[in-house]
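# Structural description and commentary
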Amino acid sequence: MKITEKINSAIKDQRCFWSFEYFPPKTEAGCLNLYDRMQRMQLLGPEFIDVTWNAGGNSSGVTMDICRTAHEVYGLETCMHLTCTNMPREKIDAALKQAKEVGLQNILALRGDPPRGQDWKSVDTGFSYAIDLVKYIREKYGDYFCIGVAGYPEGQSDNPSKEDDLLH
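From a predicted model like this one, the values you see are computed outputs, not experimental measurements. (Residues numbered from 1 in each chain as written. Predicted model: local features only at pLDDT ≥ 70, side-chain atom pairs only at ≥ 80, totals over all residues. Heavy atoms only, no water.)

### Regarding the overall build of the protein
Our working rule: Helical segments are the DSSP runs of H or I of at least four residues, strand segments are the runs of E of at least two, and each set is numbered from the N terminus. The rule is simple: take the accessible area with a 1.4 Å probe, protein chains only, and divide by the maximum for that residue type; under 20% is buried, over 50% is exposed, in between is partly exposed. What makes two residues a contact is simply this: any of their non-hydrogen atoms within 4.5 Å. A 1.4 Å probe and the Shrake-Rupley method give the accessible areas. Residues count as covered only by the protein chains that appear here. Counted as positive: Lys and Arg. Counted as negative: Asp and Glu. His and the chain ends are not counted at all. A single reference atom marks each charge: NZ on Lys, CZ on Arg, CG on Asp, CD on Glu.
The helix and strand tally for the protein stands at six helices and five strands. Helices and strands in the protein line up, N terminus first, as α-β-α-β-α-β-α-β-α-β-α. Each of the three principal axes of the protein carries a C-alpha extent, and together these read 45 × 40 × 30 Å. The buried share of the protein, reckoned over its 168 residues, is 43%. The contacts of the protein with a sequence gap of at least 6 include a subset with a gap of at least 24, amounting to 75%. Roughly 9,900 Å² of accessible area belongs to the protein as shown, and the carbon and sulfur atoms make up 52% of that amount. Seen as two clouds, the 19 positive and the 24 negative side-chain charges of the protein have centres 3 Å apart.

Structural data, given as structure tokens:
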């Protein structure tokens with residue numbers, strides 16, 4: 001189900017709602033701990049969960065495994081983060097295909113931060129901004145995915161003009 005449908009339902013019913021965000025662990029033991037925690041947190045009834053994605057898809061396999069497990073094993077509506085940073089189009093295509101195959105319908109499309117200690121850069125076959133990623137997902141999948149985006153309330157540090165930032 002799309003997150004927007006769940007949120008709209010909660011608003012209509014005038015009930016509070018919440019979500020949880022999970023970061024992919026770096027070890028197998030960390031994954032087992034996360035699944036244990038996820039199972040316990042599921043009892044708190046979140047409307048959905050978010051699973052982050054590292055720059056360049058470094059943790060993409062782990063992110064996909066967590067999304068799949070959350071969705072199939074725990075029945076949690078899941079939103080998979082997807083970043084453009086250091087991501088060639090082929091990796092974006094593979095991630096979207098896998099997401100659809102496991103029944104995920106929610107994507108948080110992000111430009112993303114560069115890996116620690118590096119400057120942000122696009123790759124030849126990638127995207128420079130989240131809007132480019134959103135347009136691409138819509139072009140390839142129509143309205144199958146509920147797509148969210150994020151912004152910088154204080155303004156994006158690469159853009160000194162808050163007015164220009166707001167336009168983007």
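### What about the pairing of strand S4 (residues 106-110)?
Convention followed: With the strands aimed away from the viewer, a crossover counts as right-handed if its path from the first strand over the helix to the second runs clockwise. Paired strands, in this sense, are two strands between which DSSP finds at least two bridges.
Counting buried residues in S4 gives five out of five residues, a clear majority hidden from the surface. Handedness of the strand S3 (residues 78-83)-helix H4 (residues 89-101)-S4 crossover: right-handed. Here S4 pairs with strand S5 (residues 146-148) via three bridges, running parallel. Across the sheet, residue Asn106 finds its bridge partner in S5, namely Cys146.

### So, the sheet that holds strand S2 (residues 48-51)
The criterion, for reference: For every element, the axis is a line fit to its C-alpha atoms; helices are fit only across the contacting stretch, and the angle between N-to-C directions ranges from 0 to 180 degrees.
An order of S1-S2-S3-S4-S5 is seen for the five strands of this open sheet, with the pairing classed as parallel. Each edge of the open sheet carries a strand with a single partner, namely strand S1 (19-22) and S5. For this sheet, the mean inter-axis angle between neighbouring strands, taken without regard to orientation, is 25°. Relative to S2, S1 is paired through four bridges, and the arrangement is parallel. From the neighbouring strand, Tyr22 faces S2, where its bridge partner is Val51. Sheet contacts for H4: S3 and S4; angle to S3, the most-contacted strand, approximately 175°.

### A look at the packing of helix H2 (residues 28-42) against helix H3 (residues 60-72)
Spelled out, the test is: Note on terminology: angles under 35 degrees are roughly parallel, angles over 145 are roughly antiparallel, angles of 65 to 115 are roughly perpendicular, and the others are oblique. Helix crossings are classified by the rotation of the near helix relative to the far one: an anticlockwise turn of less than a right angle makes the crossing left-handed, while a clockwise turn makes it right-handed. Here the term charged refers only to Asp, Glu, Lys and Arg, the term nonpolar to Ala, Val, Leu, Ile, Met, Phe, Trp, Tyr, Cys and Pro, and the term polar to all other amino acids, Gly among them.
It is the contact of H2 with H3, at a shortest axis distance of 11 Å, that shows an interaxial angle of 30°. In terms of orientation, H2 and H3 fall into the roughly parallel class. The hand of the H2/H3 crossing is right-handed. Contact residues: H2 offers Cys31, Leu34, Tyr35 and Met38, while H3 offers Val62, Asp65, Ile66, Thr69 and Ala70. Along the lines of polarity and charge, the residues of the contact of H2 with H3 split into seven nonpolar, one polar and one charged.

### Focus: the pattern of salt bridges
Threshold: Whenever a carboxyl oxygen of Asp or Glu lies within 4 Å of a side-chain nitrogen of Lys or Arg, that contact is scored as a salt bridge.
In this structure the tally under the stated criterion is five salt bridges. With a shortest N-O distance of 3.2 Å, Asp36 and Arg40 are connected by a salt bridge. Of this pair, Asp36 and Arg40 are both found in helix H2, four residues apart, which corresponds to roughly one turn of the helix. Arg68 serves as the salt-bridge partner of Asp65, at 3.1 Å between the closest nitrogen and oxygen.

Purely spatial values, then, with no claim about function.
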